[in-house]
Amino acid sequence: MRNFYERNILPSMIDVMCGMPMFERHRQRLVPQASGRVLEIGIGTGRNIAHYRPEQIQCLCAVDPGLHRKARRRARKRGMEILEVPLTAEKIPVADASFDCVVCTFSLCTISDPNAALSEMRRLLAPGGRMLFAEHGSAPEAWVRRWQEGITPYWKLIGGGCHLNRNIPALIERSGFRIEGLKAGYERGPRVLSYLYSGTAVPR
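Residues numbered from 1 in each chain as written. Predicted model: local features only at pLDDT ≥ 70, side-chain atom pairs only at ≥ 80, totals over all residues. Heavy atoms only, no water.

## Details of the overall build of the chain
Point 1. Counting secondary structure elements, the chain contains 6 helices and 7 strands.
Point 2. Its C-alpha radius of gyration of 16 Å places the chain within 12% of the 17 Å reference for a compact globule of 204 residues.
Point 3. With the C-alpha coordinates of the chain rotated into their principal frame, the extents come out at 45 × 40 × 30 Å.
Point 4. In the chain, which comprises 204 residues, the share counted as buried stands at 49%.
Point 5. For the chain, the proportion of contacts with a sequence separation of at least 24, taken over those separated by at least 6, is 66%.
Point 6. Accessible surface computed for the chain: about 10000 Å², of which carbon and sulfur atoms make up 54%.
Point 7. A gap of 4 Å separates the mean positions of the 30 positive and 19 negative side-chain charges of the chain. (Helix = DSSP H or I, 4+ residues; strand = E, 2+ residues; numbered from the N terminus. Rg over C-alpha atoms; globule rule 2.2 N^0.38 Å. Buried < 20%, exposed > 50% of the residue type's maximum accessible area, 1.4 Å probe, protein only. Contact = heavy atoms within 4.5 Å. Areas by Shrake-Rupley, 256 points an atom, 1.4 Å probe, with all protein chains shown as cover. Lys, Arg positive; Asp, Glu negative; His and termini not counted. Charge placed at Lys NZ, Arg CZ, Asp CG, Glu CD.)

## Some remarks on unusual backbone geometry
Point 1. For Ala 97, which is not a glycine, the phi torsion comes out positive at approximately 55°.
Point 2. Position of Ala 97 relative to the elements: it lies in the loop between β3 (82–85) and β4 (99–105).
Point 3. For Phe 106, which is not glycine, the phi torsion reads 55° and is therefore positive.
Point 4. A relative accessible area of 9% places Phe 106 in the buried class.

## Here we look at the nonpolar core
Point 1. Core analysis: the largest hydrophobic core is formed by 34 residues, its most contacted members being Leu 39, Ile 41, Met 121, Met 131 and Ile 172.
Point 2. Listed by contribution, the elements that provide at least two residues to this core are β1 (36–41), β2 (57–63), β4, α4 (114–124), β5 (125–136), α6 (168–174), β6 (177–186) and β7 (195–203).
Point 3. Counting residues per element, this core draws most heavily on α4, at 4 residues.
Point 4. Not counting residues within four places of it along the chain, the set of residues in contact with Ile 172 comprises Leu 108, Leu 118, Met 131, Phe 133, Phe 177, Ile 179 and Ala 201.
Point 5. In terms of nonpolar packing, the next biggest core, distinct from the first, is built from 23 residues, Val 38, Leu 60, Ala 71 and Ile 82 among them. (Core = buried A, V, L, I, M, F, W, Y, C linked by side-chain atoms within 4.5 Å.)

## Structural notes on the pattern of salt bridges
Point 1. Counted under the stated rule, the structure contains 8 salt bridges.
Point 2. A salt bridge links Asp 100 to Arg 37, with the nearest nitrogen and oxygen atoms 3.0 Å apart. Residue Asp 100 is located in strand β4, and its partner Arg 37 is located in strand β1; the two are separated by 63 residues in the primary sequence.
Point 3. You can call Arg 37 partly exposed: its relative accessible area is 24%.
Point 4. Residue Glu 84 pairs with Arg 72 through a salt bridge whose shortest N-O separation is 3.2 Å. Taken together, the residues span a long stretch of sequence, with Glu 84 in strand β3 and Arg 72 in helix α3 (residues 69–78) at a distance of 12 residues.
Point 5. The exposure class of Glu 84 is partly exposed, given its relative accessible area of 33%.
Point 6. With relative accessibility at 39%, the residue Arg 72 sits in the partly exposed group.
Point 7. Taken together, the shared-partner salt bridges in this structure form one network comprising Asp 96, Glu 120 and Arg 123. (Salt bridge = Lys/Arg side-chain N within 4 Å of Asp/Glu carboxyl O.)

Here it is in structure tokens:
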């Protein structure tokens, strides 16, 4: 059962933060590539919806503990329908190979068991399917990583379980994906928050 903060305050706070230009640039580059039967992990308030090309989308299925009203409103404005799976990403009750594309942006940081979630994403991709991802995570410099490690236990409490210190490429590759076209680097902002990864991954 989510508390008042998680239901009413946290989504709006994350919506503002994840709408910052450093995050939006990655969405603008990545999300328009989605096509066919699309599964979005952690759709949240629907920040990605503005970047989908509706004519390319056969269906959009969203995994989230509870679809936020902002996501519904943004989908209506684009003339898109969201099929909701109100569960967590670690176990998705959908048949194997059900989707052509999985979209996961700024969500792996909050998932309790990212390895299980990524394994589910791989299972759900049809032959020839791919995952589009954009995430923040562990920085290359040791001194930044030390700060990320130190801050994460406290940051999780106010950030909906957000981890600052996850090695996103390693997590993805350990789950049976091959990464293509990886982009990684700092965006403008505090270094503990602003090292971003984005790219495409396909099942090995």
